[in-house]
Each structure stands twice: as structure tokens, then as C-alpha cells.
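Read off the chains here:
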Amino acid sequence: MANPSEGMLCAMKLNVTSYGAARTVTGSAHLVEIAGQRILLDCGLFQGSQALEDLNAKPWGFEPSSVDAVLLSHAHLDHAGRLPKLVKDGFTGPIYATASTRGIVEPLLLDSAKLQREDFERNQRKGRIASAPLYNEEDVAKLLERFELLSVGSPLTIGGVRVTAQIAGHIPGSVSLALQSAGEHMVFSGDLGNSRKDILPDPTPCEDADLVLMESTYGDRDHRPFEQTLEEFAGILKTAFDTGGKILIPSFALERTQDLLYHIARMEDAGIIPSLPVFVDSPLASKIEGVYAAARDEFEPEVQRYYTQNRDPFEPRQLRYTRSTDESKALNTLKGACVIIAGAGMMTGGRILHHLRNNLARPSTSVVIVGYQPEGGLGRRLIDGANSVRIMGDDIAVRGKVYTVGGFSAHADRTELLEWSKAVRGQISLVHGEVSSMTALKASLEARGQRCELQEPAFAMPASRSRTDE
Ligand code: ZN
């Protein structure tokens, strides 16, 4: 006679279904069935193309009320941006996230709700078909009530599942997640950090597990050495300073902005560049400033040292945050060299557009591109050397200089992904990557004898050439 517990064991077998970030980068959402629990790993927005963004309003593919708990790897919108909708649609369980993730996700989601509302109103005014916002500020507030604390080094249990968070080193608060029940063990990498950079610690290498869901954003390439990136950045700042014009840097409000501030401050300290006025012209970055100070214990000891000396490591000598629209407009009349860091990082909107429109025609202006610019976008046209670009309805001559500095990515590269996963003997399923990246990484993993597959999505994902750079 068969052991009566066998059937039960079979029914409780580990199962993972991906409702996003499978064969594409964004929309991270993986539903894990383990030990009778239904646990959702991340609940992110699809981003990058209209076809992908249309998926955000589509049915989930599972019943939100049937999910027992959510584990959030980090605060980026492609991992957390659909959470308010999940709660709105019936999820009533806890959402486990680190303190820094909770701190960062609040301004990011409120900003996302505001942008969705503004988009909707603009489209309505212009008589275009407008899809309703996915959620509003009140939905974000309701979501935040569901958050519970997850800490690195303090495992928690959900039903019979033990959850352990480990350092992912991607942005403050980012973690990888291990889920263990009797006889089953899986790991979700979340997004893994670029260990060549020096503010956050390196990701903790993955332990062996039956199944590892691993991100593969840069599975097909290595970043250049970070010292080269900094040398090039310093050279551009010095040259731009000598021309006496504005230095415009489009940047994500989270991580990239703080990264730039940290290195500008270090270059000033070392006398590599002269001290110059630096404006962070982003209401969102201003809100994130406080979260960074609160996350100080997560930083590398070298960075923490500044706090013990009563210095903010992310503060060049002449730093100012401009919050109001009037303060932002006042930058137009400013004379002499200065750095203006503003969003959006991919130049899809935001205050950077105003600065580009007002300054691109001046030969003294420098535009420094430090992040990915999608095909067909304004940033890509500037990189490709366009003589004139259209910004907010005006044709603007490009007489300033455009520089591109690679290497600031917050993601692990090919070599680092291979290093992180080298102890894994079980199945590695690749997520969070374009098919070309995943195929290259799969070949590298198999070449050293590991078992690897591309995680299949629960429904077809539209083709996309986007690569998130966050
Ligand atoms: Zn991320």
C-alpha cells in the first residue's frame, strides 16, 4: 500500500508560475506554491513599450485574494509598481519588505500614482483614448498598511515556509530571498548589484538549492572597469567646467543620482575636479535623500565613515536640492558652470526636458548621459549626433556637447552573475532578461555543467528591445 502521505507530498510540490519578468525584463511577479502556501515574489509594473504597459491593466492570471503573502525583493517599480493594484483587487495578506525598501517604495509609488493621474488627465484634455490610472494615492496608503518587516539575518516563517533574506547589493534595501520547507528549497535572486561599484556591499553568493530563479539583465555582457568610468566622468566635468556652461545629467531619482553625488563629492575632496554648484532638480530625489541617510548601516564601511565624521557622503560642497517649480525655473538665469541632475533618466518627461530645451542650442552646454536610452527616444537621438531635436513641441538646435559614460549600471554583469550562482547544483531558471541575454547566460552556465532553463511566462510577453538600467 502506498504511503498515505505520498499524495499529500505530491500536492504540496514546489511550483513557480511567472506572471511577469519571464522572457522580458519588467513586470516581475512569480507565484510560488510551497508547503500549501501561495507566496508572490514581487509585483512589478511592465515598462518599456506600449504593448508591455498594456499588460498592467490586464487580469492577473491568478486570484489576488488567493495569495497568502508577498515577498518584495526591492523598491524599483518594475518589482513593486503593481502592489497597490493587487490590494485594490482583493489581496489581504502581509507584504514583507526590508525597512529601506518600505522607505523607498512609498515616494516611488506616490510619484507613480501622480504621473498616472497626470497622463490620464492630459490624454482626456487632448481627446485621446485614455486608460484609467491603475491606482491613486489613497490606494498607495492602503497598501502601505500591509507592510511587515523583513530583515537580513532574521529569518521569518510563512505557514511552514522559512524565508531568509540575503544582501543583493543592487539598491538600498534590496535582497535575495530563500524559501525553505521540509525537503524543498528555492532561491529568488531579485536584482543583483554591480559589485564593481563601491557604495553598497557585494551580493551574498547563492547557496545550493533545488531551484534558483536568477535575474539575467546583463547575462550577455560585462561592464567596463568602474575606475575607467570615473576617470572619464571626471574628464568630462573638467572640460565642461572650463567651457563655463551648464552640465545637464539626466538621471533616475533613485540610486543613480546618489551615485553621481557621491563620486562628485569624492572627486572634489581629492582635488580631481574643482568644486562647482550642483543642483538636484527633482522633487522625487529630494524625498529619497532622507531614505539614503536612514540606510547608512547598509553601506560599505568606507561610506559609513563619513557619517561618523558628521558628513553626508552624498553631498558635494555646493549641493542644492531644488524642490519647487519656481526654484527649478530660476536655474535658467544662472550664470557660469554648474551641474544640473534631473529626471527622467530616460528623458521621457520630467524637468530635464525644460533644461534641455533651454540650453541645448548653447555651445557651452554639456549633456552627460549616464544611463540607458531606449531606441527612438530623445536620449538616443542625442547620442546618435542629431543636429536638431524636438522637445515639448519645439525644434531645438543641438550645439552643446553630448557625452555618454557607461559603467554606472546597478546590475551585476555576466561574470558577476556566474560568480553568484556557482555553488548551485539544482535547476537555474532565468528571469528578468531579454531572450538574447538569457540565451548567452544559459550557454555559459551549461558549459560549466549546471542545469539551466529560460523561465516560461504564464502568458505570452510582447517582444521588447528595452533593457532596464535601474
Ligand atoms: Zn531593480
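Residues numbered from 1 in each chain as written. Predicted model: local features only at pLDDT ≥ 70, side-chain atom pairs only at ≥ 80, totals over all residues. Heavy atoms only, no water.

**Student:** Help me out: how do you make sense of the side chain of Ser216 in this one?
**Tutor:** Examined against the element boundaries, Ser216 turns out to sit in the loop between strand 11 (211-215) and helix 7 (226-243). A polar side-chain atom of Ser216 sits 2.8 Å from the main-chain carbonyl oxygen of Val431. Setting aside residues up to four positions removed in sequence, Ser216 forms contacts with Leu417, Leu430, Val431, His432, Gly433, Ser437, Met438 and Leu441. (Helix = DSSP H or I, 4+ residues; strand = E, 2+ residues; numbered from the N terminus. Polar contact = N/O pair within 3.5 Å; in protein donor to acceptor, adjacent residues only side chain to side chain. Contact = heavy atoms within 4.5 Å.)

**Student:** Is there a simple way to think about the pattern of salt bridges in this case?
**Tutor:** Side chains that carry opposite charge are capable of pairing whenever their charged atoms lie near each other. Across all of its chains, the model carries 26 salt bridges by this definition. The salt bridge partner of Arg320 is Glu327, with a shortest N-O separation of 3.9 Å. Arg320 gets classed as partly exposed once you look at its relative accessible area, which sits at 44%. With its nearest N and O atoms 3.3 Å apart, the salt bridge here joins Arg357 to Asp394. Of this pair, Arg357 sits in helix 12 (residues 352-359) while Asp394 sits in strand 18 (residues 394-397); the two residues are 37 residues apart in sequence, bridging distant segments of the chain. Look at the salt bridges and you will find they share partners, linking Arg266, Glu268, Asp269, Arg311 and Arg317 into a network. (Salt bridge = Lys/Arg side-chain N within 4 Å of Asp/Glu carboxyl O. Buried < 20%, exposed > 50% of the residue type's maximum accessible area, 1.4 Å probe, protein only.)

**Student:** What's the story with the coordination of the zinc ion in this structure? I'm lost.
**Tutor:** Octahedral metals with six donors have ideal donor angles of 90 or 180 degrees. Tetrahedral metals with four donors have an ideal donor angle of 109.5 degrees. Distances from the zinc ion to its protein donors, His74 (NE2), His76 (ND1), His170 (NE2) and Asp191 (OD), fall within 2.2 to 2.4 Å. Around the zinc ion sit four donor atoms; with metal-centred angles ranging over 90 to 170°, the donor geometry is irregular. We note that the donor set of the zinc ion lies within a single chain, spaced as H-x1-H-x93-H-x20-D. On the criterion of sequence distance, the pair formed by His76 in the loop between strand 4 (69-71) and helix 3 (77-80) and Asp191 in the loop between strand 10 (184-188) and strand 11 is long-range, its members being 115 residues apart. Its relative accessible area of 4% is what places His76 among the buried residues. Taking relative accessible area as the criterion, Asp191 reaches 2% and is therefore assigned buried. (Donors = N, O, S within 2.8 Å, 3.2 Å for Na, K, Ca; no water. Tetrahedral: all angles 85-135°; square planar, octahedral: opposite > 155°, others 65-115°.)

Purely geometric numbers; function is a separate question.
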